[in-house]
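Structure at a glance
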Amino acid sequence: MSSSSSSSYWICCNSCLQAPGPEPPAGHHHLRSYRLQCVFSRKSSCEVKALFTDVNVVATKHFNEISKEKEEAFRQISEETNSNVLFWAVVQTVILLSVGFWQITRLKDFLIAKKLI
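Cut-off values and rules
- Residues numbered from 1 in each chain as written.
- Predicted model: local features only at pLDDT ≥ 70, side-chain atom pairs only at ≥ 80, totals over all residues.
- Heavy atoms only, no water.
- Helix = DSSP H or I, 4+ residues; strand = E, 2+ residues; numbered from the N terminus.
- Contact = heavy atoms within 4.5 Å.
- Areas by Shrake-Rupley, 256 points an atom, 1.4 Å probe, with all protein chains shown as cover.
- Phe/Tyr/Trp six-rings, centres within 6.5 Å; stacked < 30°, edge-to-face > 60°.
- Buried < 20%, exposed > 50% of the residue type's maximum accessible area, 1.4 Å probe, protein only.
- pLDDT = per-residue confidence, 0-100.
- Salt bridge = Lys/Arg side-chain N within 4 Å of Asp/Glu carboxyl O.
- Patch = residues over 30% accessible without salt bridge, like charges linked within 9 Å, V, L, I, M, F, W, Y side chains within 5 Å.

1. Details of the overall build of the chain
Across its full length, the chain holds two helices and two strands. The order of α-helices and β-strands along the chain, N terminus first, is α-β-β-α. Long-range contacts, defined as pairs at least 24 residues apart, comprise 40% of the intrachain contacts of the chain with a sequence gap of at least 6. Put simply, the chain shows about 10500 Å² of open surface, and 63% of that area lies on carbon and sulfur atoms.

2. Remarks on the packing of aromatic side chains
Aromatic ring pairs are described here by two measures, namely the spacing of the ring centres and the angle between the planes. Under the criterion given, the structure shown has one aromatic pair. An angle of 70° between the planes, with centres 5.6 Å apart, marks the rings of Phe87 and Trp88 as edge-to-face. Like Phe87, the residue Trp88 is exposed in the burial classification.

3. Quick notes on the confidence of the model for the chain
Here the chain averages 75 in pLDDT, while 55% of its residues score no lower than 70. The spread of mean pLDDT over the elements of the chain runs between helix H1 (residues 3–6), the lowest at 44, and helix H2 (residues 45–113), the highest at 90. pLDDT under 50 marks residues 32–41. Its contacts with residues more than four places away, or in other chains, come to 21 contacts.

4. Description of the pattern of salt bridges
All chains considered together, the criterion is met by one salt bridge. Here Glu71 makes a salt bridge to Arg75, at a shortest N to O gap of 3.1 Å. Of this pair, Glu71 and Arg75 both sit in helix H2, four residues apart, roughly one helical turn. The class for Glu71 is partly exposed, based on a relative accessible area of 45%.

5. Examining unusual backbone geometry
In this structure, Lys115 takes a positive phi of about 60° despite not being glycine. Structurally, Lys115 is set in the segment after H2.

6. So, a nonpolar patch on the surface
A cluster of nonpolar side chains, namely Leu86, Val90 and Val94, defines an oily patch on the protein surface of about 280 Å² accessible area. Note that Val94 resides in helix H2. Residue classification places Val94 among the partly exposed positions, given a relative accessible area of 48%.

Shown next as structure tokens:
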């Protein structure tokens, strides 16, 4: 076995694309690979970075689409809730005014019946 085929390459961290140091930072995962030397060699590091960048762009677009759909659904729910609250406020106001008018009418009739007015 030649020294180049037995040497190991590191697959860089998915989040920062940095080669590992003596102690990788918390949350970083570096894997030792012997078979993927040609894919993750030093010559193709720009290509690998571009691949990860494209994945991040796709993930960001997907997240934005999901966020937009959730926002539209939440807006629809909010508008329905707002219209329901407005409806009940109007109904309560009508009931309050009706009961007030009815009470005044009954009080007036009572006072007339007792001949106090």
